[in-house]
Each structure stands twice: as C-alpha cells, then as structure tokens.
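Chain residues, written in single-letter form:
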Amino acid sequence: MRKLLALCGFSTVVIALVASALPAEGAAGTTECTSTLAPGSYQRVVVPAGAVCLSQGPVTIRAGLWILSGATFALGNDENTAATGAIGGGVHARDAASVEIHFATINGGVDVHGGSGPFGGPFDVTFIAIEDNVIHGGATVSGYDGFWFGFIRNHVSGTVRLSDNVLADPDGNEYVTNVIHGSLKCWSNSPAPQVGDSEGLLNDVTGAKTGQCSSV
C-alpha cells in the first residue's frame, strides 16, 4: 500500500500543477475549494460534497478545515518533507472519500467521522493518510469505510481515539510511530491495528494504550 500512496502523492503534485485556480472566497471569509488550494492564508476552508481539493502548501487556515460527504482533501505527500503549513480551528470531515495531510501543524485536533466506501475519487481508491503532523487537541477517526487508513509519525497533544474503521485493504489500519501526550484508545477496527508494511515502530504514549491498540 505504501507504493500505491506514493503514486497517489505523485498524482497529487501533477494535478496541483495543472489545476492552479484559486478558489473563490464566500461569505464571512469562507473559501470553497473545488480544485487547488494555492499557497497563502485563508479563514475557513470548506471542501463541498463530492469535490476534490489538492494542495502542496504552504497554507495557513485560521478558522477550520471542513471536508464534506464524498469529498477529497490532500495537503502534501510523504515524498516531500517540507512543511505544508498550519490549520487552526481543527480538521473536520463527515463521510469524506479521502483525507490526506502531511507535515502540517494542526491546532484544534482532528475529527473524522464516516466515509464513502473504498473506491472512487481522483485516486480510484479512498484512504486516510494522517502522517508526520504536529496535532494539538487530540484526534478522533471513527466509522471510516475506505480502502486504507494510516495514522503514522504524528506528534499529538491529547487523546487519540480510533474506532469502527473498516478497510478493504487487509494492510489497512496502520497506527505506528506516533508520539502521543495523552492516551491511545482503539476498538472495533477491521483489520486490527497493525504495523503493516510501514516498517514503523511502537507508539510512544504517555497515557494508557487501551483496546486494540494495547499492543501497538
């Protein structure tokens, strides 16, 4: 799966270079992103239902990122280690297709609920890749029904809750190499949390590891 994500990251770069239009500003400083989120500063960013929003950053989002039903958001990739920016007000996704965030600072936590199935979107398969971020405010990913999910190499201040995530890829639910100043709570994930092919390390957790994550 790592090779597939690398290809997806490459596709993200290509699409971002081709689609370079700045999304229009809506009411009260809300930006609806339906193509590329160009480098710069924004207030609230919304990816509408079914839309695709891609960015290599750097971006600053001050009042929250919202990803709606069937939508895809991708910020950075795991082949480019440059900082992609900062998201204030947290990341919020409801029944999104794919959520990919790399090398960002997220203030306000990550809150992802539901999904839209394992296939479709710009990458043909759907996935969540939350990797190499600094997250203040904890993280919850619950009820995602996609192809693959990785929560990898993040530094988190707050509790991490990962539950009821059902992936089509048996190599999914890779929760590894995170440093968590809080607890790590996992339950009802299928497949069970694992290292997979990430070659990752056990999570460094200051609080309790409970449920399915007690061994990772």
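Residues numbered from 1 in each chain as written. Predicted model: local features only at pLDDT ≥ 70, side-chain atom pairs only at ≥ 80, totals over all residues. Heavy atoms only, no water.

Draft legend 1. Just unusual backbone geometry, in detail. The amide bond that connects Gly-57 to the next residue, Pro-58, takes the cis arrangement and shows omega of 0°. Relative to the elements of secondary structure, Pro-58 occurs in the loop between strand 4 (52–55) and strand 5 (59–61). Backbone torsion omega between Ser-190 and Pro-191 reads 0°, so that peptide bond is classified as cis. Here Pro-191 lies in the loop between strand 23 (184–187) and strand 24 (204–205). (Helix = DSSP H or I, 4+ residues; strand = E, 2+ residues; numbered from the N terminus.)

Draft legend 2. Geometry of the nonpolar core. In this structure, Leu-37, Leu-65, Ile-67, Phe-73, Ile-101 and Phe-151 are the most contacted members of the largest nonpolar core, which totals 44 residues. Beyond its immediate sequence surroundings of up to four residues, Ile-67 is in contact with Val-47, Phe-73, Val-91, His-92, Ala-93, Arg-94, Ala-96 and Val-99. (Core = buried A, V, L, I, M, F, W, Y, C linked by side-chain atoms within 4.5 Å. Buried < 20%, exposed > 50% of the residue type's maximum accessible area, 1.4 Å probe, protein only. Contact = heavy atoms within 4.5 Å.)

Draft legend 3. How the structure looks around the confidence of the model for the protein. In this model, the protein carries an average pLDDT of 89, and 87% of its residues clear a pLDDT of 70 or more. Counting interchain partners and residues more than four positions distant, the pLDDT-below-50 stretch residues 3–24 has 35 contacts. (pLDDT = per-residue confidence, 0-100.)

Draft legend 4. Highlighting the pairing of strand 12 (residues 110–113). With 4 bridges joining them, strand 9 (residues 91–94) and strand 12 adopt parallel strand pairing. Looking across to strand 12, one finds that His-92 is bridged to Asp-111. Across 4 bridges, strand 12 lies against strand 15 (residues 139–142) in parallel orientation. Residue pairing across strands places Val-110 opposite Ala-139, the latter belonging to strand 15. (Pairing = 2+ DSSP bridges.)

Draft legend 5. Broad picture of the pattern of salt bridges. Throughout the structure, instances matching the rule amount to 3 salt bridges. One salt bridge in this structure joins Asp-111 and Arg-94, with 2.8 Å as the shortest N-O distance. Residue Asp-111 is found in strand 12, and its partner Arg-94 is found in strand 9; the two are separated by 17 residues along the sequence. With its nearest N and O atoms 3.8 Å apart, the salt bridge here joins Arg-153 to Glu-131. Taken together, the residues span a long stretch of sequence, with Arg-153 in the loop between strand 17 (148–152) and strand 18 (155–157) and Glu-131 in strand 13 (residues 127–131) at a distance of 22 residues. Here Arg-153 falls in the partly exposed class, since its relative accessible area comes to 30%. The network of salt bridges with shared partners includes Glu-131, Asp-132 and Arg-153. (Salt bridge = Lys/Arg side-chain N within 4 Å of Asp/Glu carboxyl O.)

Draft legend 6. A look at the pairing of strand 17. Of all 5 residues making up strand 17, 5 are buried, and the element is well covered by its neighbours. Judged from the 5 bridges that link them, strand 13 and strand 17 form a sheet pairing that is parallel. Bridge pairing links Glu-131 to Ile-152 in strand 17. Sheet topology places strand 17 next to strand 21 (residues 174–176); 3 bridges connect them, and they run parallel.

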